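As a plain string of letters, each chain reads:
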Amino acid sequence: MAREFEKRRTFAIISHPDAGKTTLTEKLLLYGGAIHMAGSVKSRKAKRAATSDWMALEKQRGISVTSSVLQFEYDDLRWNLLDTPGHNDFSEDTYRTLTAADCAIMILDAAKGVEPQTRKLFHVCRMRGIPIVTFINKLDRPARDPFDLTSQVEDVLGIESFPFTWPVGSGDLFQGVYDRRNRRFLRFQKEKGGSTKVKATEVDIDDPKLAEMLGAEAAEELQGHVELLDGAGEEWDRERFLKGELTPVFFGSALTNFGIEAFLHSFGKLCPPPQPRDAEGETLAPDDDRFTAFVFKVQANMDPSHRDRIAFARVCSGRFEGGMKVNHYRLGKEIRLNRAEQFFAQERETVMEAYAGDILGLYDPGLFRIGDTLSSEAGLLLEAVPRFSPEHFGRLQLLDPLKRKQLQKGIHQLAEEGTVQLFTETGREKDPICGVVGQLQFEVLIFRLQHEYGAKITFDKLPFEYARWVEGPTTTEEVEARRIPLAVTDVDGGIVALFRNDWELERAVGENDDWVFHETKPIRAGEG
C-alpha cells in the first residue's frame, strides 16, 4: 500500500482572474494524456468550452466560480488536480479546496506580475501552510523583465524565489526557456492554435550551436543572465520549499504550450506525496491501516438531467474499497459508501479502490456536509474545514410565490454545498437571510436558483458585516435583549448574532463575558 500513496500528487491552482489558470489546467491535462485537444477559453463561444469549466455560468462568462476535481496520470504518477475559483469573492471555496491539497501552483501574468487577487489568495495558501510553486505565464505576449518579476514575488509576497527555468525573449521574440537544473536550453517549435503538444529542440548552454539557434545577441544575454543567477549563491533548499518559505519559479506560455512539459516534469518531483494529517489527539500517517477521509466540497446538479449531489472527499489514510462501511463522525453512526466515483470535470468513472491523496466523489442523498470526517474506526475526527464568517448579508425575496417549493429545495441544497450560509429570523421564516464572504457569490446564487431550480429571486442588502455563533443563550430573543442588533438561527438551529461594524461586535463581546462568540461554527459529534 505504501507504494500506492507515494504515487499520488494532489495539488491546487490559484491565480488572479485572467492570468491563465483555466488554460494552464487544460494544458496540464493535454500533456498528462487526459485530453487530446485543449479548448481555449477565449474561443469558447465559437468552438468549445474549457474542460474544467463545467457549470453553465462558467461557460457563459469564461471564469471559474467553483472548484473542479480532475485526475490524470503522467510520469508513473496519479495526479489529482483541484481547480479553484480565480476570484477573491470565492476565497472560502479556495481555502476549503486547499485543505485537500498537498501543494499549490500560483500563476502570475508576465506583463502584470503580482496582482491584488493573487496577493489575497497567496495569503490563503499561507494560512493553510502548504508549499507553493510559481508559474509565470503569458510569455507569448510582451512581458516585464524576469528579474523584476522574481523580485516582485519576493518583495510583495514575502517569499524567496528560486528560478528553475528562465525565459529568452517575450511576445513575438519568445524563443523558449533555459532549464537551470539540467543546464540546457529548450527551443520550441510554434504550433498553430496551441491545442496540441509542441516539439522542443534541446541544446547545452555551453554549446556553440546556441548562438546559431538564438542569434549571437540573445545567446550572449542568456549566458549573462545564467551567470547572474548562478552567482547569486542561492542554493535550492527543499525543506524551506516544503515549509512555504521558498518558491521555485517557472516561465512559459500556457496558450502556446511553451515550457509546459518542462514544468510538469519538474513539478512531479517538487510536489510532495500525501502528508500526515492531524486528528483529535493524534497524527495520522498516510500509510496508517485505518481508512480516513474528510468532505471538503459538496456540489449539487453536476448532472442537470439527474439533479444529483456529490460530496468530494479527500482520502487521508488507509485504503478505500467500494461498498465499505465507515463511521460518520458528525452523525455518530455507521454508513455504507456504495457509490464512489472519480472525476474528469463532469465525466465520471466508478472507483472500487483509492488511497491517501485520492479524491472521491460520493453520491450524497443528504448525509454529507463540508467538514465531515469518515473513518473505519469510530471516534476519529480530522482537523475541521472551517467556515469563514460571512461579510455580506441579504434578505432573499421570491418573485413568483408559486415557486416557493423550488426555492426551499434550491436554497437549502446550495447552502449545504457552501455557496451561501443560510440564516432564519424568528417571525420571518419565509424570507431567509443569506450570508456570503464575497459579493459575487450573490450573483452566482441568483443565477443558479433561476437556471437549476426555476426560482427567480432578488436580494434586499442588509447592513451587517459580521456573524458570530453564540454559545450560552438558548433563544434569539435572549440575545437581542442584550442590545445585539439581530439574532438569527443557522440550518442546525444554532444561534448567530449579526453586527453592523466592529464597534458593535466588540461592545457585545465585552458586555457579555458569560457567553462565547465563535467566528467559525464548531463541529460536534451527533449534530445534524
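Check the entry above for the structure.
My aim in this report is to walk through the structure given alongside it, one point at a time. The structure presented is a predicted model; accordingly, all values stated were derived computationally and were not measured.

### Quick word on the packing of helix H2 (residues 21–31) against helix H10 (residues 260–270)
Two numbers describe how H2 lies on H10: the axes approach to 10 Å, and their chain directions differ by 75°. Taken as axis vectors, H2 and H10 run roughly perpendicular relative to one another. Within the contact between the two elements, H2 uses Leu 24, Lys 27, Leu 28 and Tyr 31 and H10 uses Ile 260, Glu 261, Phe 263 and Leu 264. In terms of residue class, the contact of H2 with H10 is made up of six nonpolar, no polar and two charged.

### Focus on the pattern of salt bridges
Inspection of the entire model under this criterion finds 28 salt bridges. The shortest N-O distance in the salt bridge between Arg 78 and Glu 73 comes to 3.2 Å. Glu 73 sits in the exposed class, given a relative accessible area of 51%. Salt-bridge contacts for Arg 369 lead to Asp 492; the nearest nitrogen and oxygen are separated by 2.7 Å. Taken together, the residues span a long stretch of sequence, with Arg 369 in the loop between strand E22 (359–363) and strand E23 (373–375) and Asp 492 in the loop between strand E29 (486–489) and strand E30 (495–499) at a distance of 123 residues. Its relative accessible area of 31% is what places Asp 492 among the partly exposed residues. Among the charged side chains, a network of salt bridges with common partners joins Arg 180, Arg 183, Asp 206 and Asp 230.

### Things to note about the sheet that holds strand E25 (residues 421–423)
One open sheet holds the four strands; their spatial order is E25-E26-E24-E27, and the pairing between them is antiparallel. The open sheet has two edge strands, E25 and strand E27 (457–462), and neither has a second partner. Looking at each pair of strands side by side, their axes are set apart by 35° on average, direction ignored. Pairing between strand E24 (residues 392–398) and strand E26 (residues 433–436): four bridges, direction antiparallel. From the neighbouring strand, Arg 395 faces E26, where its bridge partner is Ile 433. Packing of helix H11 (residues 404–416) onto the sheet brings it into contact with E24, E25, E26 and E27, and relative to E24 it is tilted by some 155°. Sheet contacts for helix H12 (residues 440–453): E24, E26 and E27; angle to E27, the most-contacted strand, approximately 155°.

### A few points about the sheet that holds strand E8 (residues 176–179)
The antiparallel open sheet is built from four strands, whose spatial order is E7-E8-E9-E10. Each of the sheet's edge strands pairs with one partner strand only, and the pair in question is strand E7 (165–168) and strand E10 (200–204). Ignoring which end each strand starts from, the neighbouring axes of this sheet average 25° apart. Of the strands in this sheet, E7, E8 and strand E9 (184–188) touch helix H8 (residues 216–231), which is tilted by about 155° from E7.

### Remarks on the nonpolar core
Counting residues in hydrophobic clusters, the biggest one holds 112 residues, and the most contacted among them are Phe 11, Leu 28, Ile 105 and Leu 222. With residues near it in sequence (within four places) discarded, Leu 28 still touches Phe 11, Ile 13, Phe 72, Leu 81, Ile 105, Ile 260, Phe 263 and Leu 264.

Rules of the game
Residues numbered from 1 in each chain as written. Predicted model: local features only at pLDDT ≥ 70, side-chain atom pairs only at ≥ 80, totals over all residues. Heavy atoms only, no water. Axes fitted to C-alpha atoms, helices over the stretch in contact; angles between N-to-C directions. Helix = DSSP H or I, 4+ residues; strand = E, 2+ residues; numbered from the N terminus. Parallel < 35°, antiparallel > 145°, perpendicular 65-115°, else oblique. Contact = heavy atoms within 4.5 Å. Nonpolar A, V, L, I, M, F, W, Y, C, P; charged D, E, K, R; others polar. Salt bridge = Lys/Arg side-chain N within 4 Å of Asp/Glu carboxyl O. Buried < 20%, exposed > 50% of the residue type's maximum accessible area, 1.4 Å probe, protein only. Pairing = 2+ DSSP bridges. Core = buried A, V, L, I, M, F, W, Y, C linked by side-chain atoms within 4.5 Å.

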